Amino acid sequence: MPRPLKPVLLALVLLGLVGGSLALAAQKSVTLTVDGQARELSTYADTVGEVLEEEGLQPRSHDVVLPDAAAAVGDGDTVVLNRARPLTLTVDGVSSEVYVTALSVDEALAQLGYRAEGLVVSASRSERLPLDGMELSITTPKDVTLVVDGQERVVTTTAATAGELLAEQGVTLGPADRASLHPGQALLAHMRLQVFRVQVGEVAVPSPVDYRTVETPDPAALEGDDTVTRKGVEGEQVTTFRVTVTDGVETGREQLATTVTREPVDQLVTVGTKPRPATSVPATADGLNWAALAKCESGGRPTAVSGTGKYRGMYQFSQATWNAVGGSGDPAAASAEEQTKRAQMLYARSGAGQWPHCGKNLFN
C-alpha cells in the first residue's frame, strides 16, 4: 500500500469507530406506563415529551404526566401518563363536570373522596371507566323528617328525590293529595317532607227564602188598622258547595249552584186608609197634647201592637210599665180614657223621656 494512503485509511477507521460509539450512546431503554399498562421501549428522545410524541400520545390539560413533559429522559427511566376521564357526576341531585384519572368506578369514588358506607352508585364499582368518560350518580345517606297522616318521624334514606323517598316508605298519594316537595326535587340532609291528605267533595246546605209582604189599601178600615189576610210562608233553597278538606280541616269552599226547592208564599195584608176621628184621644186639662203623642206612637189606635208584640196600645206601653202605673191586663185592651190616664201618671212620675222619639209632641 502506498505510504500516502495509510493516513487516510486510518482516519476513516477512527471516524467510523467514534460515530458508532456516539450512536450507541444516544439510544436508551425507557419504561412507558400508560393508564397503568407498562412496556419497555428503545428511544433516541431527549425529553419525556419527545418520548410521548414518538408513541403518538398527545397529553391533554387534565392528564397527568410524570416526570414533567420538559424533563430530560435517560436510560432506564420510567415515563408515566395517566389520561383523565370526564365524568358527569350527580351527587344527591346536584350535577357537575369533573375529571379523574381513575380506571374504575371504585377508584374514581376514592379520588373524589366518596368513601362513606351506604353510598348508592348508579354503576358497578368494578366497572372500568372509558376514556371518553361516563355519567355517574351518587346518593348519600341522609336524615329527612317525614310527616304523613299526622305522624312525624326522622328517616335515614339514600333516596335521591322526594318521590323516591315516598315510594321507599310505602306512602301513596291520592289524586288530590299533595306534598311539600315536588316529587322530582333532590333530597338534602335535614329536609322536611310533609304529605297533605286532601279530600274534595260536595255538600248541599239548605237555607230559608224570605216571603214578600203584599199590601192592599182598604178604604173601609181606619188608618193603622192592618189585617193579615194570608200569612206568609218561607220557602227553601239548597246551595251546593265544593268543599276541600286538608288533613281533616276545611281549607276551601266554592259555591257551585243554588236551587229553590220550595217557593215562598207571599203574605197578604190589607192596610186601612180611612182617617181616624180626632176624638180618639180624650181631652185633658193638663195642657199637654196627648193626641199628638198617641198619633206619633201608634197612629192614635188604642189596639195598636208593635211588630215585636212588646209595646201595646196608643202610648205603646210595655207590660211592665203598664203594670207599674196601676194598669192590669193587656194595655191594648183597655179603653182610650184609661190608657190616657195611665200615660199621664207615667209622665208625672218620669217625664216625656218615657217616649224618646215622640215625647216632644206633648208640647206641640
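Parameters at a glance
- Residues numbered from 1 in each chain as written.
- Predicted model: local features only at pLDDT ≥ 70, side-chain atom pairs only at ≥ 80, totals over all residues.
- Heavy atoms only, no water.
- Helix = DSSP H or I, 4+ residues; strand = E, 2+ residues; numbered from the N terminus.
- Polar contact = N/O pair within 3.5 Å; in protein donor to acceptor, adjacent residues only side chain to side chain.
- Contact = heavy atoms within 4.5 Å.
- Disulfide = S-S within 2.5 Å.
- Buried < 20%, exposed > 50% of the residue type's maximum accessible area, 1.4 Å probe, protein only.
- Pairing = 2+ DSSP bridges.
- Axes fitted to C-alpha atoms, helices over the stretch in contact; angles between N-to-C directions.
- UniProt positions renumbered as here; feature names shortened; annotations may be inferred.
- pLDDT = per-residue confidence, 0-100.

A.B. asks: How should the side chain of D266 be read in this particular structure?
C.D. replies: Locating D266 in the fold gives a position in the loop between β17 (249-262) and β18 (267-274). There is a polar contact of 2.7 Å between the side chain of D266 and the side chain of R212. Setting aside residues up to four positions removed in sequence, D266 forms contacts with R212, V214, R230, K231 and G232.

A.B. asks: What exactly am I supposed to notice about the state of the cysteines here?
C.D. replies: Put plainly, a disulfide is one covalent bond tying together the sulfur atoms of two cysteines. Tallied over the entire structure, the rule returns 1 disulfide. What pairs with C296 in a disulfide is C358, and their sulfur atoms sit 2.0 Å apart. Linking C296 and C358, the disulfide has an S-S dihedral of approximately -65° and is accordingly described as left-handed. Taken together, the residues C296 in helix α5 (residues 290-298) and C358 in the segment after α7 (336-350) connect sequence positions 62 residues apart. Its relative accessible area of 6% is what places C358 among the buried residues.

A.B. asks: Whenever I open this one, the sheet that holds strand β3 (residues 64-66) confuses me. Can you help?
C.D. replies: Working definition: the strands of a sheet are paired by backbone hydrogen bonds and lie parallel or antiparallel to each other. Here 4 strands make up an open sheet; going across it, the order is β2-β1-β4-β3 and the pairing mixed. Where the open sheet ends on each side, the last strands, each with one partner, are β2 (37-43) and β3. Ignoring strand direction, the axes of neighbouring strands in this sheet form an average angle of 20°. As defined by bridge partners, strand β1 (residues 28-34) adjoins strand β4 (residues 78-82) across 4 bridges and the pair is classed as parallel. Bridging across to β4, T31 finds its partner in T78.

A.B. asks: Would you take a moment to explain the UniProt feature "domain: G5" (unreviewed entry) in the chain for this structure?
C.D. replies: UniProt's feature table lists "domain: G5" (unreviewed entry) at residues 195-275, given in the numbering used throughout. Its end C-alpha atoms 75 Å apart, residues 195-275 is made of 0% helix and 78% strand.

A.B. asks: Mind showing me how you'd approach the environment of L222 here?
C.D. replies: Its location among the elements puts L222 in strand β14 (residues 213-222). Along the backbone, L222 and V233 are 11 residues apart, and their C-alpha atoms lie at a distance of 27 Å.

A.B. asks: What am I meant to see in the environment of S335 here?
C.D. replies: Note that S335 resides in the loop between α6 (319-324) and α7. Spatially, the C-alpha atom of S335 lies 106 Å from that of T88, the residues being 247 residues apart in sequence. Side-chain polar atoms of S335 contact the backbone nitrogen of E338, separated by 3.2 Å.

A.B. asks: Which parts of the structure should I look at to understand the confidence of the model for the chain?
C.D. replies: Low pLDDT marks regions whose predicted coordinates should not be analysed in detail. In this model, the chain carries a mean pLDDT of 88, and residues with pLDDT of at least 70 account for 90%. Summarising per-element confidence for the chain, the mean pLDDT is lowest in helix α1 (residues 5-26) (46) and highest in strand β16 (residues 235-246) (97). Contacts for the low-pLDDT stretch residues 5-25, under 50 throughout, to residues beyond four places or in other chains number 3 contacts.

A.B. asks: Quick question: what am I supposed to make of unusual backbone geometry here?
C.D. replies: Cis geometry is adopted by the peptide bond preceding P67, which originates at L66 and carries an omega value of -10°. Inspection of the secondary structure assignment puts P67 in the loop between β3 and β4. Non-glycine residue D35 carries a positive phi angle of around 50°. Residue placement: D35 occurs in the loop between β1 and β2. Given a relative accessible area of 6%, D35 falls into the buried group.

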